[in-house]
Amino acid sequence: MVSKAQGKTVKTRRVFYIPGYDPIHPRRYRELYRKESAAQAAISGYEIGLKPKAGRGNYGWQVNAEIDGQRVTAQVEVLVWSDIVRESMSSSIPATYWQLLRTAWVYIGSGALWRLMRLRKGPVIAALYPVGMLIAQALLAVALGLLAYAALGALSDHWAARLAFAALGMGLGVALLRWFKKKDGKFFAYYLMHDYAYSAATKGANPPQLEARMATFADAIAAALTDDVDEVLVVGHSSGAHLGVSVLADLIRSDRVAEGGPALGFLTLGQVVPMVSFLPRAERLRSDLRYLSARDELAWVDVTAPGDGCAFALCDPVSVSGVAPEGKRWPLVFSAAFTQTLSPARWKALRWRFFRLHFQYLCAFDHPRDYDYFQITAGPQTLAARYDGRPASKSRIDQAVSKYTSVAA
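All chains use their own residue numbering, which begins from 1 and follows the written sequence. With pLDDT at 70 or above as the cut-off, local features in this predicted model cover only qualifying residues; side-chain atom pairs require 80 or more to be listed or tallied, and sums for whole chains, interfaces and linings still use all residues. To obtain the side-chain values, all non-hydrogen atoms of the structure were included, while hydrogens and water were left out.

Q: For the packing of aromatic side chains, give the residues involved together with the corresponding values.
A: Ring pairs shown here join Phe, Tyr and Trp side chains whose ring centres sit within 6.5 Å, with only the six-membered ring taken for Trp; geometry is labelled stacked below 30 degrees between planes, edge-to-face above 60, and tilted in between. Taken as a whole and assessed by the stated rule, the structure comprises 20 aromatic pairs. A ring pair is formed by Tyr-17 and Tyr-29, whose centres lie 4.9 Å apart and whose planes are at 50°; its orientation type is tilted. Here the residue Tyr-17 occupies a position in strand 1 (residues 12-18), and Tyr-29 occupies one in helix 1 (residues 27-44), the gap between them amounting to twelve residues. Across the pair, exposure class does not vary: Tyr-17 and Tyr-29 are buried alike. Summarising the aromatic geometry, the rings of Trp-179 and Phe-187 are spaced 6.2 Å apart at their centres and angled 65° between planes, so their arrangement reads as edge-to-face. Since its relative accessible area comes to 42%, Trp-179 is described here as partly exposed. Looking at Arg-253, its charged tip hangs above the ring of Tyr-291, at a distance of 4.5 Å from the centre. Working definition: helices are DSSP H or I runs of at least four residues, strands are E runs of at least two. Numbering for both runs from the N terminus. For each residue, the accessible area found with a 1.4 Å probe, counting protein chains only, is set against the maximum for its type, and the residue is called buried under 20%, exposed over 50%, and partly exposed in between. Only Lys NZ and Arg CZ are tested; either one counts as a charge over a ring when it is within 6 Å of the ring centre and within 35 degrees of the ring normal.

Q: Can you lay out the pairing of strand 4 (residues 70-78) for me, pointing to particular residues and giving the numbers?
A: Strands qualify as paired when DSSP identifies two bridges or more between them. In terms of strand pairing, strand 1 meets strand 4 through six bridges, oriented parallel. Pairing of Val-15 across the sheet is with Val-76, part of strand 4. Here strand 3 (residues 60-67) pairs with strand 4 via eight bridges, running antiparallel. When the bridges of strand 4 are listed, Ile-67 appears paired with Gln-70. Between strand 3 and strand 4, which pair antiparallel in sequence order, lie two residues; one of them, Asp-68, sits at a positive phi of approximately 55°.

Q: Outline the nonpolar core, supporting the account with residue identities and numerical values.
A: Core analysis: the biggest nonpolar cluster contains 64 residues, and Trp-81, Leu-119, Ile-221 and Leu-292 have the highest contact counts within it. Residue contacts are counted whenever heavy atoms from the two residues lie within 4.5 Å of one another. Not counting the four nearest positions on each side in its chain, Leu-119 is found in contact with Pro-274, Phe-278, Phe-312, Cys-315, Val-320, Ile-397 and Val-401. Only buried residues count toward a nonpolar core, which is a set of Ala, Val, Leu, Ile, Met, Phe, Trp, Tyr and Cys residues joined through side-chain atoms within 4.5 Å. The next biggest cluster of nonpolar side chains, apart from the first, holds 41 residues, and it includes Ile-67, Leu-357, Phe-359 and Tyr-361.

Q: Residues and numbers for the pattern of salt bridges, please.
A: Note on definitions: salt bridges are taken to be side-chain nitrogens of Lys or Arg within 4 Å of carboxyl oxygens of Asp or Glu. Under the definition given, this model contains 19 salt bridges. Of the charged contacts, one joins Arg-14 and Glu-77 as a salt bridge, the two residues approaching to 2.7 Å between their closest N and O atoms. Here Arg-14 is found in strand 1, whereas its partner Glu-77 is found in strand 4, with 63 residues between them in sequence. Classification of Arg-14 by relative accessible area gives buried; the value is 12%. Its relative accessible area of 4% is what places Glu-77 among the buried residues. For Asp-250, the salt bridge goes to Arg-284, with nearest N and O atoms at 2.9 Å. Of the two residues, Asp-250 sits in helix 10 (residues 240-253) while Arg-284 sits in helix 12 (residues 283-292), which places them 34 residues apart along the sequence. In the salt-bridge network here, residues are joined through shared partners; they are Glu-211, Asp-250, Arg-253, Arg-284 and Asp-288.

Q: Run through the packing of helix 10 against helix 12, naming residues and quoting values.
A: Relative placement of two packed helices is described by the angle separating their axes and the distance separating the axes. Their axes nearest at 9 Å, the elements helix 10 and helix 12 cross at an angle of 65°. The hand of the helix 10/helix 12 crossing is left-handed. Here His-242, Val-245, Ser-246, Leu-248, Ala-249, Asp-250, Ile-252 and Arg-253 of helix 10 lie close against helix 12, whose contacting residues are Arg-284, Leu-285, Ser-287, Asp-288, Leu-289, Tyr-291 and Leu-292. Residue composition of the contact of helix 10 with helix 12, grouped by class: eight nonpolar, three polar and four charged. Between the N-to-C directions of two axes lies an angle of 0 to 180 degrees, each axis being a line fitted to C-alpha atoms and, for a helix, fitted only over the stretch in contact. The hand of a helix crossing depends on one turn: near helix anticlockwise from the far one by less than a right angle means left-handed, and clockwise means right-handed. Gly counts as polar in this scheme, as do all residues outside two lists: the nonpolar Ala, Val, Leu, Ile, Met, Phe, Trp, Tyr, Cys and Pro, and the charged Asp, Glu, Lys and Arg.

Q: How would you explain the state of the cysteines if you had to name every residue and give the values?
A: Note on terminology: disulfide denotes any pair of cysteine sulfur atoms within 2.5 Å. Under the defined criterion, the tally for this structure stands at zero disulfides. With no disulfide of its own, Cys-315 lies 14 Å from the sulfur of Cys-310, the closest cysteine sulfur. Here Cys-315 falls in the buried class, since its relative accessible area comes to 0%.

Q: Describe in detail the sheet that holds strand 4, supporting the description with residues and values.
A: Read across the sheet, eight strands follow the order 2-3-4-1-5-6-7-8 without closing on themselves; strand pairing throughout is mixed. With one partner strand each, in any of the chains shown, strand 2 (47-52) and strand 8 (332-335) form the two edges of the open sheet. Strand-to-strand twist of the sheet, defined as the mean angle between neighbouring strand axes without regard to direction, takes the value 20°. The sheet contact formed by strand 6 (residues 263-269) and strand 7 (residues 299-304) spans five bridges and is parallel.

Q: Residue-level account of a nonpolar patch on the surface, with values.
A: A patch is a set of surface residues, each over 30% in relative accessible area and not in a salt bridge, joined within 9 Å for like charges and within 5 Å for the nonpolar side chains Val, Leu, Ile, Met, Phe, Trp and Tyr. All accessibility values rest on the Shrake-Rupley procedure with a 1.4 Å probe; residue burial counts only the protein chains present in the view. Together, Leu-144, Leu-168 and Leu-172 make up a nonpolar patch on the protein surface, roughly 220 Å² of accessible area in all. Structurally, Leu-144 can be placed in helix 5 (residues 121-153). Residue class for Leu-144 comes out partly exposed when judged on its relative accessible area of 32%.

Q: I'd like to hear about the side chain of Asp-302, residue by residue, with values.
A: Mapped onto the secondary structure, Asp-302 falls in strand 7. Within the structure, the side chain of Asp-302 is placed 2.6 Å from the side chain of Thr-268, a separation counted as a polar contact. With sequence-adjacent residues up to four places away left out, Asp-302 is seen in contact with Thr-268, Gln-271, Cys-315, Pro-317, Pro-331, Leu-332, Val-333 and Phe-334. N or O atoms within 3.5 Å of each other form a polar contact, as long as, within protein, one can give a hydrogen and the other can take it, and as long as residues adjacent in sequence are counted only when both atoms are side-chain atoms.

Q: Give me the lowdown on the confidence of the model for the protein, citing residues and values where you can.
A: What pLDDT expresses is the predictor's confidence in each residue, scored from 0 to 100. With 96% of its residues at a pLDDT of 70 or more, the protein shows a mean pLDDT of 92. Across residues 1-5, where pLDDT falls below 50, the model places 17 contacts with residues more than four positions away in sequence or in other chains.

Q: Break down the packing of helix 3 (residues 93-109) against helix 8 (residues 189-200) for me, with residues and values.
A: The N-to-C vectors of helix 3 and helix 8 enclose an angle of 50°; their axes lie 9 Å apart at closest approach. With respect to helix 8, the axis of helix 3 lies oblique. With respect to the hand of their crossing, helix 3 and helix 8 are arranged in left-handed fashion. Of helix 8, the residues touching helix 3 (which contributes Ile-93, Thr-96, Tyr-97, Gln-99, Leu-100, Thr-103, Val-106 and Tyr-107) are Tyr-190, Met-193, His-194, Tyr-196, Ala-197 and Ala-200. Its residues assigned to classes, the contact of helix 3 with helix 8 comprises ten nonpolar, four polar and no charged. For classification purposes, an angle smaller than 35 degrees is called roughly parallel, one larger than 145 roughly antiparallel, one from 65 to 115 roughly perpendicular, and anything else oblique.

As structure tokens, this is what we get:
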């Protein structure tokens, strides 16, 4: 049954934000919310402000807003797994190149890469970028070493000198590789390589450490569902979308979403679900996608944009994974339409800033239509009520594409 609170006006809300594969402290999301909510409020003509979160527990903040003449209080919490991300990124340069080979083999050998290319080219290019960049860095390091050896070799042909020149050339090549890694905040090659390698290492299965963390996420959300609030909203961004799918599927399976409790909303933004669900051992995720898509305990809305080259824009994550059941209800898939909701000047400024655009869903829009992150998280309507009757985007991709469709027993 759909919760009786689904259509109620919201005065109080609990929001749980699940980040993507991001090693940064969650204060980054608070500052982003503070800055962008103020900008959106000025554009759209409502009031919104942040206060420190009361009590212990997950990192978060309190939002007080007045939208459409109604006051709403929301407590936003970040479900942190950045420590797991940082640990997975602590690889040496040789280990990262080994990850490159292993990850490429998993996606190419399984056939997942060719299937993904049938969806959207952008995220596949983003996946290939670190491979190309790391290979280019290695070739430049080799070239530098050979040039140094050739230049110094003209000074002497004595074997000892030649050996010293070779060692110096190798040292310069290694130094260049270390410089590239140090400057990865500009190149993003190591970061993206670690991101794709994380799921590829287990061919789509969740590592035990991540499963344990997801169980704590489920406990936090379950506790909120017993609070005296009008809505509990879970937001999964990027890789956080497929974590949210499994967390909520576990909650509903274990009967921790009571009828008559707070409305339960699930908002996925900039999702990259196929990067995992198309892998051979992603049975757990495919099972959860199939299960969640037919449930009436929640409302699930999936927002992407073709302008976001890092997301599988307008790809229904359930259908393209080949696990859509009879009676499928979710998700409602539509576009944030960056080219229409951002001003021409702002779109021109952001168009080639791919990582910034991947976070645009959490930011202000110059000409918002029916997608406004701050009205969703701090406004007076539940997610279900806000998008009740809203049609899915006609250009969405909803046919089965994945080679692997097996699900967990």
